[in-house]
Amino acid sequence: MKVSYSALLPLAVCATALTLSSCNDSKTATAAETSSPTREVMSGTAAVAAEEDSAAANTAAPDPASIPASKIADAATITARPQVPILCYHQIRDWRPRDSKGAKDYIVPVDAFKKQIQMLADSGYHTVLPDQLYAYLATGAPLPAKPIMLTFDDTDLDQFTVARPELEKHGFKAVYFVMTVSLGRPNYMSKAQVKQLSDEGNVIGSHTWDHHNVKKYQGQDWVTQIEKPTKTLEEITGKDIKYFAYPFGLWNPEAIPQLKQRGMVAAFVLAEKRDPQDPLFTIRRIIASGYWSPRTLHNSIVQSF
Ligand SMILES: [Zn+2]
């Protein structure tokens, strides 16, 4: 497959996808807010942070491969479980004059990011990782109080240099969906940085080789976009790569058996509906917009999941 220049600039293409489809939730909630106190504590629905010492808050979760098929719930049961909020971030950096209006949904300024993460911590959220989410969805295993998953797409360097230390302050872990074509390029993470994230207890997932739309794959594309990148990431991390995020959040039913065949146990879309047949391969996320105050983010979390 030929690599187009635009494929190396996922931000630009992502922004196109946003206007085309999927991210209606984030779109409607994007209206900029003026009032944003430095620290906002959002009281959630049921759970309280006091439970944080409970065993459920432990990040240990079984490997999905160790869960017997007989223990895995049917699609209707999985779909009926309350969704865990999942946020999707791309670039964490201050806006530049040339950033388009649409791109700013994907570029969260550093201070806005810090305030968003601080709000999550102050509100008692606990980050969970994909094995925990899988065990919860598949078997009903307990999760910590106020669970949330933080995901970072596209391998941008500022995810390592800016987001990582910020998450560390709060003991938060995250999932990094890596596009392997970018590894080691300027402004993208290196293999060593990806390994470090993995070693520090974060999860590395696959986001294809060069961000082409999964709906268009044929034949060898599955090897180029899924098989080889998965192997690369497994070599880098020394761990199995089991989770996948569809570029632009775009998927089709034909992709799911292809992903399963190549070792994936769950896959992540954006804000559109889940597949009633296979909710584990269409787990929803919302893009945490660069326009959002902590309060807007909180409202979006509550309304979208
Ligand atoms: Zn992407």
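The name given to the chain in an unreviewed UniProt entry is Polysaccharide deacetylase family protein, with the source organism recorded as Hymenobacter telluris. What the UniProt record of the chain gives under Subcellular location (unreviewed entry) is the line "Secreted".

Report on the overall build of the chain, specifying residues and quantitative values.
Summing up its helical and strand segments, the chain has 10 helices and 10 strands in all. For the chain, with 305 residues in total, the buried portion stands at 43%. Considering only contacts in the chain between residues 6 or more positions apart, those separated by 24 or more positions represent 72%.

Help me get a handle on the environment of Ala 145, residues and values and all.
Its location among the elements puts Ala 145 in the loop between α5 (130-139) and β5 (147-153). What makes Ala 145 partly exposed here is the crowd of 19 C-beta atoms within 10 Å. With 20 residues separating them in the primary sequence, Ala 145 and Tyr 125 have C-alpha atoms 7.1 Å apart.

Explain the nonpolar core to me, using residue names and the numbers behind them.
Counting residues in each nonpolar core, the largest one holds 74 residues, and the members touching the most others are Tyr 89, Tyr 176, Ile 204, Ala 266, Ala 267 and Ala 288. Residue contributions to this core peak at six residues, all from α5. If we ignore the near neighbours within four places in the chain, the residues touching Tyr 176 are Phe 152, Gln 159, Val 194, Leu 197, Asn 202, Ile 204 and Gly 205.

The rules behind each value
Residues numbered from 1 in each chain as written. Predicted model: local features only at pLDDT ≥ 70, side-chain atom pairs only at ≥ 80, totals over all residues. UniProt positions renumbered as here; feature names shortened; annotations may be inferred. Helix = DSSP H or I, 4+ residues; strand = E, 2+ residues; numbered from the N terminus. Buried ≥ 20, exposed ≤ 12 C-beta atoms within 10 Å, placed from the backbone. Contact = placed C-beta atoms within 7 Å. Core = buried A, V, L, I, M, F, W, Y, C linked by C-beta atoms within 7 Å.

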